[in-house]
Amino acid sequence: MAFSLPALPYAYDALAPAIDEETMRLHHGIHHAGYTNKLNKAIMGTAYEGQKVDTLLKQLDSLPGNIQADVQNFGGGYANHCLFWQIMGPDEGGTPDGVFADVIHDRFDGFDDFKKEFQRLAATLFGAGWTWLVVDPQLELQVYSLPNQDSPLSLGDVPILCVDVWEHAYYKQYGPNRAEYLSNWWDVVRWSEVSRLYECAKRDLSDLAGV
Ligand code: MN3
């Protein structure tokens with residue numbers, strides 16, 4: 001089974017004004033589609049055909065040299081954008097609630113401090129890459145940036161929130177003003193989904209550790 005470009009779970013103009021329609025069309029229809037096609041080309045006819053992208057990214061270090069870089073770049077590009085579309089939505093934003101809100105609060109001295117730190121990392125990432133909120137194998141939340149399309153899965157962490165700071169994600173609409181893009185992006189973060197992914201990540205990591 002080849003990888004396919006997932007349909008957006010909302011209309012192309014649904015995230016405006018935070019992310020406008022033209023940016024979403026290019027980002028999904030050209031960039032994400034491009035990663036999907038290149039990943040398929042890299043994997044097709046190899047022993048890794050049919051594996052899930054998460055499985056490939058988790059075992060990146062042990063992949064043969066001729067497909068390792070392709071999985072890192074195109075597999076990462078494929079998976080990262082799938083998550084990105086999923087954790088956004090129209091009329092979202094605000095703050096998380098329930099158990100996840102408490103976890104964020106305890107880990108980062110409050111939601112505002114979490115936002116500040118996450119946005120600082122995203123604003124200062126040099127060049128192209130993503131900023132991540134992940135659950136690590138000790139089930140702790142961590143925030144960090146990674147270059148290019150590198151995935152936290154390849155480090156043993158499970159990503160639950162991400163922001164794309166490649167120029168293709170914002171330049172058409174915001175020009176070089178990445179900080180403004182980031183400030184507006186919070187308005188479309190779908191905290192209910194991030195919270196659900198947190199619970200899934202905890203469960204999967206606990207199963208893995210046999211606890
Ligand atoms: Mn992108």
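As the structure is a computational prediction, the values presented were derived from the model and not from experiment.

What counts and what doesn't
Residues numbered from 1 in each chain as written. Predicted model: local features only at pLDDT ≥ 70, side-chain atom pairs only at ≥ 80, totals over all residues. Heavy atoms only, no water. Helix = DSSP H or I, 4+ residues; strand = E, 2+ residues; numbered from the N terminus. Rg over C-alpha atoms; globule rule 2.2 N^0.38 Å. Buried < 20%, exposed > 50% of the residue type's maximum accessible area, 1.4 Å probe, protein only. Contact = heavy atoms within 4.5 Å. Areas by Shrake-Rupley, 256 points an atom, 1.4 Å probe, with all protein chains shown as cover. Lys, Arg positive; Asp, Glu negative; His and termini not counted. Charge placed at Lys NZ, Arg CZ, Asp CG, Glu CD. Donors = N, O, S within 2.8 Å, 3.2 Å for Na, K, Ca; no water. Axes fitted to C-alpha atoms, helices over the stretch in contact; angles between N-to-C directions. Parallel < 35°, antiparallel > 145°, perpendicular 65-115°, else oblique. Nonpolar A, V, L, I, M, F, W, Y, C, P; charged D, E, K, R; others polar. Core = buried A, V, L, I, M, F, W, Y, C linked by side-chain atoms within 4.5 Å. Domains from an automatic or database assignment.

### Observations regarding the overall build of the protein
Piece 1. For the protein, the helix and strand inventory stands at 8 helices and 3 strands.
Piece 2. Traced from its N-terminal end to its C-terminal end, the protein shows the element sequence α-α-α-α-α-β-β-β-α-α-α.
Piece 3. What you see for the protein is a C-alpha radius of gyration of 17 Å, in line with the 17 Å of a compact globule of 211 residues.
Piece 4. Projected onto its principal axes, the C-alpha positions of the protein cover 45 × 45 × 30 Å.
Piece 5. Among the 211 residues that make up the protein, the fraction classed as buried is 48%.
Piece 6. Counted over contacts in the protein with a minimum sequence separation of 6, partners at least 24 positions apart contribute 67%.
Piece 7. Counting only carbon and sulfur atoms, one obtains 51% of the accessible surface of the protein, whose full area is about 10200 Å².
Piece 8. One way to put it: in the protein the 15 positive side-chain charges average out to a point 4 Å from where the 29 negative ones average out.

### Focus on the coordination of the manganese ion
Piece 1. All of the protein donors around the manganese ion are His-27 (NE2), His-81 (NE2), Asp-164 (OD) and His-168 (NE2); their distances to the metal are 1.9 to 2.1 Å.
Piece 2. You can call His-27 buried: its relative accessible area is 1%.
Piece 3. Its relative accessible area of 0% is what places His-81 among the buried residues.

### Some thoughts on the packing of helix α4 (residues 98-108) against helix α8 (residues 191-209)
Helix-helix packing is described using two parameters, namely the angle between the two axes and the distance between the axes.
Piece 1. Between α4 and α8, the least distance of the axes is 9 Å, while the angle of their chain directions is 80 degrees. Of the possible angle classes, the one that applies to α4 and α8 is roughly perpendicular. Within the contact between the two elements, α4 uses Val-99, Phe-100 and Val-103 and α8 uses Trp-191, Val-194, Ser-195, Tyr-198 and Glu-199.
Piece 2. Among the residues making up the contact of α4 with α8, the classes are represented as 6 nonpolar, 1 polar and 1 charged.

### Brief notes about the nonpolar core
Piece 1. Among the nonpolar cores identified, the biggest contains 49 residues, and Phe-114, Leu-133 and Trp-185 are the most heavily contacted of them.
Piece 2. Elements with a contribution of two residues or more to this core: α3 (65-86), α4, α5 (111-124), β1 (129-135), β2 (141-147), β3 (158-164), α7 (178-185) and α8.
Piece 3. Per-element tally for this core: the top contributor is α8, with 6 residues.
Piece 4. Here this core spans two domains, since at least three of its residues come from each of domain 1 (21-86) and domain 2 (98-209).
Piece 5. If sequence neighbours within four positions are ignored, Trp-185 has contacts with Ile-19, Phe-84, Ile-87, Met-88, Phe-118, Leu-161, Cys-162 and Val-163.
Piece 6. Residues Leu-39, Tyr-48, Val-53 and Leu-60 belong to the second largest nonpolar core, which totals 16 residues.

Geometric values such as these leave the question of function open.
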